[in-house]
Structures are given as structure tokens and as C-alpha cells.
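Structural overview for review
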Amino acid sequence: MIRTTAIALLALFALAGHSSAQSTKVPFALDWKFEGPSAAYFAAIDNGHFNAEGLDVEISPGKGSLDAIPKVATGAFPVGFADINSLIKFLDQNPGAPVKAVMMIYDKPPFAVVGRKSQGVAAPKDLEGKTLGAPPPDGAWAQFPAFATANAIDPDKVTVEPVGFPTREPMLAEGKVDAITGFSFSSFLNLVRLGVPEEDISVILMADHGLSLYGNAVIVNTDFAAENPELVKGFLRAVANGWRDAIADPKGSVEMIAKRNPALDVDLETRRLQLAIDANVATDYAKSNGMGDIDPDRFAKAISQLSETYEFKNAPDATLYFTSEYLPDASDRTIK
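Okay, so let's go over this structure. (Residues numbered from 1 in each chain as written. Predicted model: local features only at pLDDT ≥ 70, side-chain atom pairs only at ≥ 80, totals over all residues. Heavy atoms only, no water.)

Description of the overall build of the protein
- Looking only at helices and strands, the protein features 15 helices and ten strands.
- Radius of gyration (C-alpha) of the protein: 19 Å, near the 20 Å computed for a compact globule of 336 residues.
- Its C-alpha atoms put the protein at 60 × 45 × 35 Å along the principal axes.
- When the 336 residues of the protein are sorted by exposure, 55% land in the buried category.
- Nonlocal contacts in the protein, meaning residues at least 24 apart in sequence, comprise 81% of its contacts between residues at least 6 apart.
- About 13500 Å² of surface is accessible on the protein, with carbon and sulfur atoms providing 51% of the total.
- With 30 positive and 43 negative side-chain charges, the protein shows a separation of 2 Å between the mean positions of the two kinds. (Helix = DSSP H or I, 4+ residues; strand = E, 2+ residues; numbered from the N terminus. Rg over C-alpha atoms; globule rule 2.2 N^0.38 Å. Buried < 20%, exposed > 50% of the residue type's maximum accessible area, 1.4 Å probe, protein only. Contact = heavy atoms within 4.5 Å. Areas by Shrake-Rupley, 256 points an atom, 1.4 Å probe, with all protein chains shown as cover. Lys, Arg positive; Asp, Glu negative; His and termini not counted. Charge placed at Lys NZ, Arg CZ, Asp CG, Glu CD.)

Take a look at the structure:
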């Protein structure tokens, strides 16, 4: 069982004790490196949204969809960004760990199998008899068993090649694997950048092929959140404002990342951000209800779907994985 250490919590609470003249330092653990879809968080910094909430946020890159979960659970970070499906499994394996999702960002998850038509992969069943490159910590790979079940794919007929994140797309571009698991917007554009013709790339979005799952969400250390509820609510309000800025001005928001990384391909990352906005963030549900919340019935179906291929050690309980109690008013989360 993973629990926040007393020392870590004391450090976090010390961060929260600020006066009106001094902002609270809040470390924020991302799931991945600084690319287009992270622009909203830099917009929240540079456009003053975090500052307006009395927060001094420092963003740290991650190494995959699961990366932020133990960082937040152990108290190393008070807030993070991670795949909620991986969080559900983590909490089942670590009962009582003080971590929970508080704001859904990817209402429609970008989990995908990305293949090359020239190598015979254009539809889910095409994976049989092919080689699939999958990074073990990848959030999309974690959902592959449920995807295979939903599409009647025989896993025994798929050769799985463990690959690293940096080598995933290059191996597909070089023809060393026939398909990969990954986030739709990232793997697609990484392949384009490597010279693979767009018309040769097949993006098989799992959400369009039988999965009702949600994607990445803002997660918090629950001990920290209980002690600092208004701070967490202000953080989420600033995040919503950052996403509204990114939706209104994608290129301008990506240029905020470029200030930290002058080597960034602004045009490529702007396209990556726009793909994420269109397919994953600004969904019909988010536009109607404000970003951040979930539909309880759909979430129940998602948990049930996870249980088809993951054996829960404990009875699943949706209230352990997500709470809307820290979400700001819907008017503060509206997006177009």
C-alpha cells in the first residue's frame, strides 16, 4: 500500500501556507514532455490565471500516462496529469493510496493503435498476424486487452514487441513493426515528421471501436486537497482558463512552450494541439456541461469494461477514482 509520507505532507502543507503577498508554490507533474497538448498549462501561467488564484505553478514533464500517479500518491507532487484508467488499476492495487482524479481533460481518450496501410494495418482485425510495438508504461497499451476483446482480436495472433517511447514511431516508420499503441495526435504527427506519408497512416481510435473509457485527468493528493480545498479549486479554475486560451489561440499558446524550448516546431505542435482539442477535449459533452466533469453512467460502463480484461482485487467503486467536489462552477469551465 502506498501512502503519503508525513515528511512529504508537511512539505506540501508548508507550501500551502502563504500570505496574500506571496503566491503558493504548486509543483505540477505532467504525463509527458512539453508538446502541443500541454500548451494550456503554460497559457495558464503566462496569461496570469494561476497568479490570479495566488498560485506559483512549476510544471515538470513526465515519461508516460502512468508517470504522475505514484508521484502524486507519495506526496512528491500535490497535483498531476494522468490516465484515469491507469489510476483505477493503481488504486485497486494500492488500496487507500491518497490520490484521486478531480478534473477530466480528455473527455474522449486519445488511446489508439496507429498502423501503416502499406504494411496491411487499416482496421482492428488487421492486427492479427502482425507485429505491434508497445511501450510497457503506455496508457494506450494498458487498454489494448479491452480493445482486443471489443473487436474480437485474438491476442495470440498478435506479436507484441516491447519498445521505448523514443523508438516507437521510428520503428514503425522504418517498418520494423506494423503498428504501435500511443496517443492518436502524438503518434500521427511524429510519423509525419519522420517522413511517413499521411495517406499511409491509419489511426484506429479505440474510442471509435468499442471503448467507453475516459482519458487523462488532473489528479490530486487527497490529503493535500482535503487540507487545501480552495487552493485546488483555484488551480482547476486556472486550468480551465488555460484551456479556453488554448482553444481560442492554439498557435499563440504553443509559442508559450517555445519560449521554454526554442527548438520546438511551433507549426507541428500547433497541429498536435488542434487535433487534441477537436477529438479529445472540446467534445459535445464538454461543450454542453463544461469541461472537467464526467457522466456517471458512462463512467460505470467504463469501469465495467475495464473489468472485462482486468481482475479487480477489490470491488470497484467509482467514488474512489473521481470526485467533482473541487470543480469550479460550470460557468468557469465553459468551452466552445
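Here's the deal with the packing of helix α9 (residues 184-193) against helix α13 (residues 266-281)
- Running from amino to carboxyl end, α9 crosses α13 at an angle of 150 degrees, the nearest separation of the two axes being 9 Å. What the angle tells us is that α9 and α13 run roughly antiparallel. Crossing geometry of α9 relative to α13 is assigned as right-handed. For the pair formed by α9 and α13, the contact residues are Phe185, Ser186, Phe188, Leu189, Asn190 and Arg193 on the first element and Leu268, Glu269, Arg271, Arg272, Leu275, Ala276 and Asn280 on the second. (Axes fitted to C-alpha atoms, helices over the stretch in contact; angles between N-to-C directions. Parallel < 35°, antiparallel > 145°, perpendicular 65-115°, else oblique. Left-handed = near helix turned anticlockwise from the far one by under 90°.)

A closer look at the sheet that holds strand β1 (residues 24-29)
- On the basis of which strands lie adjacent, the open sheet formed by five strands has the order β2-β1-β3-β10-β4 and mixed pairing. Both edges of this open sheet fall to β2 (55-60) and β4 (99-104), since each of them pairs with a single strand only. Each neighbouring strand pair of the sheet contributes to a mean axis angle of 30 degrees, computed without reference to strand direction.
- Taken together, the five bridges between β4 and strand β10 (residues 216-221) define a ladder with antiparallel strand orientation. (Pairing = 2+ DSSP bridges.)

Considering the sheet that holds strand β5 (residues 111-116)
- With respect to topology, five strands assemble into an open sheet ordered β7-β6-β8-β5-β9, the strand pairing being mixed. Strands with a single pairing partner mark the edges of an open sheet, and in this sheet they are β7 (159-162) and β9 (201-205). If you compare each strand with its neighbour and ignore which way they point, the axes differ by 30 degrees on average.
- The sheet contact formed by strand β6 (residues 131-134) and β7 spans four bridges and is parallel. Bridge pairing in β7 links Leu132 to Val160.

Topic: the packing of aromatic side chains
- Counted under the stated rule, the structure contains 16 aromatic pairs.
- A centroid spacing of 6.1 Å and a plane angle of 90 degrees characterise the contact between Tyr41 and Trp243, whose relative ring orientation is edge-to-face. Of this pair, Tyr41 sits in helix α2 (residues 39-46) while Trp243 sits in helix α11 (residues 229-248), and the two are 202 residues apart along the sequence. Summarising the burial analysis for this pair, Tyr41 and Trp243 share the class buried. (Phe/Tyr/Trp six-rings, centres within 6.5 Å; stacked < 30°, edge-to-face > 60°.)

Observations concerning the pattern of salt bridges
- Evaluated as defined, the whole model comprises 16 salt bridges.
- As a salt-bridge pair, Arg168 and Asp138 come within 3.6 Å of each other at their nearest N and O atoms. Here Asp138 lies in the loop between β6 and α6 (139-142) and Arg168 lies in helix α8 (residues 165-173), a separation of 30 residues in the sequence.
- For Arg168, a relative accessible area of 6% translates into the label buried.
- Where Arg168 meets Glu169, a salt bridge forms, and the shortest distance between an N and an O atom there is 3.2 Å. (Salt bridge = Lys/Arg side-chain N within 4 Å of Asp/Glu carboxyl O.)

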